[in-house]
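Summary of structural features
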Amino acid sequence: MSAFSTLLILDGSAECLQAAELLWKVGVSQDIGVDAQFVVDSPGIWEFLSFDVPGLIGSGPYLKVHEAVRQELLSLGDTLAEMYSVHSGSLAIKGDVFIDEGNPVREICSRARSYSLTAIGNKSSGITSPAQDRRAVPRRSLAEKLAHYIESPLLIIQNACTPWQSLDVYIDPADDFQNTLDGAFFVASFLNAQIRVVPCIDQPHNQTGQAGLLNYLQLQRENFPQVTVELISADTMSVIASIASRTDITSLPVISSFAGPKGRHDPVGLLVDQTIRYLSVPSILLWPAEFSLRKLKEQPAATNRNKAH
């Protein structure tokens with residue numbers, strides 16, 4: 001089996017099924033296993049009930065409702081795990097299903113550290129600007145929350161996709177771009193896809209990083225002769241417009257993300273959770289600049305804790 005490992009965040013949505021079908025197609029052709037994870041959000045149940053200090057009634061009825069909902073979610077997880085195993089098993093896809101309990105962001109981030117890539121289906125918010133966001137007051141999706149916190153690659157699927165024919169990689173040439181491009185080259189090599197590298201160069205410090213980027217790309221062309229590489233220089237507004245206008249299901253935007261005081265941001269300084277919120281692209285891959293596939297291979301395998309049976 002390939003050393004590349006994938007984790008699917010499991011729910012009952014159409015977008016999750018689209019993400020699963022995409023991973024299965026790649027898994028069949030490249031012998032890549034696909035594990036799945038469902039998280040019972042027991043803390044979220046308590047937050048939904050909004051019970052704190054007893055008033056008109058005590059805590060007993062609330063505890064009863066909490067446990068009833070929790071058991072229903074555990075049952076739902078078992079059903080999803082069973083159906084997932086049936087579908088993946090029919091394609092001879094190897095993988096386990098895990099049912100974890102706790103805060104979903106924390107549980108997913110913890111398990112995702114052991115995988116090359118974590119995939120999640122996400123229904124596009126349909127919101128295109130902060131002004132519209134303030135009027136609509138919608139909830140934050142799990143994908144947005146993960147984009148803000150996760151320190152490993154996150155693939156977000158918002159529409160049906162085919163295995164990509166090209167990867168458009170958006171980086172900051174003056175920052176740590178090597179891990180993101182290492183990952184992109186690895187993915188492109190087994191997809192037999194081409195790579196278009198899009199560095200943002202409208203800031204003076206970014207232009208100074210061009211020489212290092214060119215040297216890196218020359219080396220990678222030698223390491224991956226089967227991957228066609230194109231370098232496209234762009235300013236900030238062109239980068240934003242390029243990503244926002246995407247409808248092509250055969251091309252995957254790969255965005256390098258960086259940790260910052262307000263959360264993870266992309267090469268042009270936008271917070272990546274807002275990038276997910278305001279873009280309706282079919283698919284997008286967020287690659288933390290500090291995440292290295294090479295270091296991942298040295299870590300122990302994912303734990304079988306809470307594996308569904």
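Please refer to the structure placed before this passage.
Everything numeric here is computed off the predicted structure, so don't read it as measured data.

Criteria and thresholds
Residues numbered from 1 in each chain as written. Predicted model: local features only at pLDDT ≥ 70, side-chain atom pairs only at ≥ 80, totals over all residues. Heavy atoms only, no water. Phe/Tyr/Trp six-rings, centres within 6.5 Å; stacked < 30°, edge-to-face > 60°. Helix = DSSP H or I, 4+ residues; strand = E, 2+ residues; numbered from the N terminus. Buried < 20%, exposed > 50% of the residue type's maximum accessible area, 1.4 Å probe, protein only. Core = buried A, V, L, I, M, F, W, Y, C linked by side-chain atoms within 4.5 Å. Contact = heavy atoms within 4.5 Å. Polar contact = N/O pair within 3.5 Å; in protein donor to acceptor, adjacent residues only side chain to side chain. Axes fitted to C-alpha atoms, helices over the stretch in contact; angles between N-to-C directions. Parallel < 35°, antiparallel > 145°, perpendicular 65-115°, else oblique. Left-handed = near helix turned anticlockwise from the far one by under 90°. Nonpolar A, V, L, I, M, F, W, Y, C, P; charged D, E, K, R; others polar. Pairing = 2+ DSSP bridges. Lys, Arg positive; Asp, Glu negative; His and termini not counted. Salt bridge = Lys/Arg side-chain N within 4 Å of Asp/Glu carboxyl O. Expected span 1.5 Å × (residues − 1). Right-handed = clockwise from strand over helix to strand, strands pointing away.

With that settled, consider the packing of aromatic side chains. Tallied over the entire structure, the rule returns 8 aromatic pairs. Residues Phe186 and Phe190 carry aromatic rings whose centres are separated by 5.8 Å and whose planes lie at 80 degrees to one another, so their mutual orientation is edge-to-face. With Phe186 and Phe190 both in helix 7 (residues 178-191) and 4 residues apart, the pair spans about one turn of that helix. Overall, the relative accessible area of 23% leaves Phe186 in the partly exposed class. Taken together, the ring pairs connect Phe177, Phe185, Tyr216 and Phe224 into an aromatic cluster.

Okay, the nonpolar core next. One finds Leu8, Leu10, Leu155, Leu167, Leu181, Phe185 and Ile195 to be the most contacted residues of the largest nonpolar core, which totals 53 residues. For Leu10, the residues in contact, after removing those within four places along its chain, are Cys16, Ala36, Gln37, Phe38, Leu80, Ala81, Tyr84 and Val97. Ala147, Leu154, Val198 and Val272 belong to the second-largest nonpolar core, a separate cluster that totals 25 residues.

Mapping Glu101 onto the fold places it in strand 3 (residues 97-101). The sequence separation of Glu101 and Phe38 amounts to 63 residues, and the corresponding C-alpha distance is 8.4 Å. Only 3.3 Å separates the side chain of Glu101 from the side chain of Ser42, close enough to count as a polar contact. Side-chain polar atoms of Glu101 contact the side chain of Arg70, separated by 2.5 Å.

Our focus in this paragraph is the packing of helix 7 against helix 9 (residues 210-223). If you want to describe how two helices pack, look at the angle between their axes and the distance between the axes. At a closest axis distance of 12 Å, the pairing of helix 7 and helix 9 adopts a crossing angle of 25 degrees. Here helix 7 is positioned roughly parallel relative to helix 9, judged by the angle of their axes. Note on packing geometry: the crossing formed by helix 7 with helix 9 is right-handed. Residues Gln178, Leu181, Asp182 and Phe185 of helix 7 form the contact with helix 9, whose participating residues are Leu213, Tyr216, Leu217 and Gln220. Per-class residue counts for the contact of helix 7 with helix 9 are 5 nonpolar, 2 polar and 1 charged.

Another point: the sheet that holds strand 1 (residues 6-9). Taken together, the 10 strands give an open sheet; going across it, the order is 3-2-1-4-5-10-9-6-7-8, and neighbouring strands pair in mixed fashion. Either end of the sheet is taken by a strand with one partner, and the two such strands are strand 3 and strand 8 (229-231). Averaged over all pairs of adjacent strands, the angle between strand axes in this sheet comes to 25 degrees, irrespective of strand direction. Relative to strand 8, strand 7 (residues 194-199) is paired through 3 bridges, and the arrangement is parallel. Following the sheet pairing, Arg196 is matched in strand 8 by Glu230. Each of strand 1, strand 4 (117-121), strand 5 (154-157) and strand 10 (283-288) touches helix 6 (residues 142-149); the most contacted strand, strand 5, lies at about 160 degrees to it. Packing against the sheet, helix 9 makes contact with strand 6 (166-171), strand 7 and strand 8, and its axis sits at approximately 170 degrees to strand 8.

The next subject is the side chain of Asp266. Mapped onto the secondary structure, Asp266 falls in the loop between strand 9 (251-257) and helix 11 (272-278). For Asp266, which is buried and forms no salt bridge, the nearest opposite charge comes from Arg264, at a distance of 11 Å. Beyond its immediate sequence surroundings of up to four residues, Asp266 is in contact with Ile255, Ser256, Phe258, Val272 and Thr275.

Between its terminal C-alpha atoms helix 1 (residues 14-30) stretches 24 Å, which fits the 24 Å expected from 17 residues at 1.5 Å a residue. Buried residues of helix 1: Glu15, Cys16, Gln18, Ala19, Ala20, Leu22, Leu23, Trp24, Val26 and Gly27, and no others. On the buried face of helix 1, the contacting elements are strand 1, strand 2 (34-40), helix 3 (60-90), strand 4, strand 5 and helix 7. Phi for Asp31, located one or two positions after helix 1, is positive at around 55 degrees.

On to the pairing of strand 1, then. Across a regular strand the side chains alternate sides, sitting on one face of the sheet and then on the other. Of the two faces of strand 1, the one holding Thr6 and Leu8 and the one holding Leu7 and Ile9 are both buried throughout. As judged from the 4 bridges shared by strand 1 and strand 2, these two strands associate in the parallel manner. Bridged to Ile9 within strand 2 is Gln37. The β-α-β motif built from strand 1, the intervening helix 1 and the parallel element strand 2 has right-handed crossover chirality. Where strand 1 lies against strand 4, 3 bridges are found, and the strand directions are parallel. By the bridge assignment, Leu7 is partnered in strand 4 with Thr118.

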